[in-house]
Amino acid sequence: MNGKIFAINISSEKKTPKKQISSGNLIKDTGLKGDAYNKIPNRQISITTIELLKEQALCPRVSKNSDFTVKTGDYCETLTISGIDLSQVETGDTFLIGEKARICISGKSMDCWVFCPWNKLEGECPLPKHFLFARVIESGEIKVQNEIKQLEGTQLSLSAY
């Protein structure tokens, strides 16, 4: 599976909006340098897709509520990527980002926000299937538009790492 980084999102303080940056450094066993949302050991970075955000914009419940629009970083994700179906990614899968940075998927899912229009009785929220957490297993610089590529046959056990 191959995709691209659509946005890199960072915040120096929790509970503040994340802002987009054009490049950053993933630090082994830490996360994105300078991001307040790094949660050691297994939620060092979070990932969702631009496809999910576009799907959210088409949701009939959202289109009725112009106050609810989701932009990159609004789910406090570190990386917004494109081109990879995150519902097909498994815990332990590893990815190369750019030339050197490597991550290992450490978890799937995210709790829905109480005020989210998807968090209703009608339909199913796609966020839990399309939101991942990862550990940084090799440091490296990342940039918007870098390729993110699954490393085949390199599924890691989190307990072994």
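Starting afresh in each chain, residues are numbered from 1 along the sequence in its written order. Where local features are concerned, this predicted model is filtered to residues with pLDDT of at least 70; where side-chain atom pairs are given and counted, the filter is 80 or more; whole-chain, interface and lining totals use all residues. Excluding hydrogens and water, the side-chain values take into account all heavy atoms of the structure.

Before going further, it helps to examine the overall build of the chain. Each helix and strand in the chain was counted, giving two helices and 11 strands. In DSSP terms, a helix is any run of H or I states spanning at least four residues, a strand is any run of E spanning at least two, and both are numbered starting from the N terminus. Each helix (α) and strand (β) of the chain, taken in turn from the N terminus, gives the series β-β-β-β-β-α-α-β-β-β-β-β-β. Throughout, exposure labels follow a simple rule: accessible area from a 1.4 Å probe, protein chains only, divided by the maximum for the residue type, with under 20% read as buried, over 50% as exposed, and the rest as partly exposed. Counting only residues that meet the buried cut, the chain has 45% of its 161 residues in that class. Note on definitions: a residue-residue contact is assigned when non-hydrogen atoms from the two residues lie within 4.5 Å. For the chain, long-range pairs separated by at least 24 residues make up 72% of all intrachain contacts whose partners lie at least 6 apart in sequence.

Pairing between strands is defined by DSSP: at least two bridges between them are needed. Strand order in this open sheet of three strands is 4-3-10, and the pairing throughout is antiparallel. The open sheet has two free edges, formed respectively by strand 4 (31-32) and strand 10 (140-143), since each of these has just one partner strand. Here strand 3 (residues 23-27) runs beside strand 4; their pairing, made up of two bridges, is antiparallel. Bridged to L26 within strand 4 is L32.

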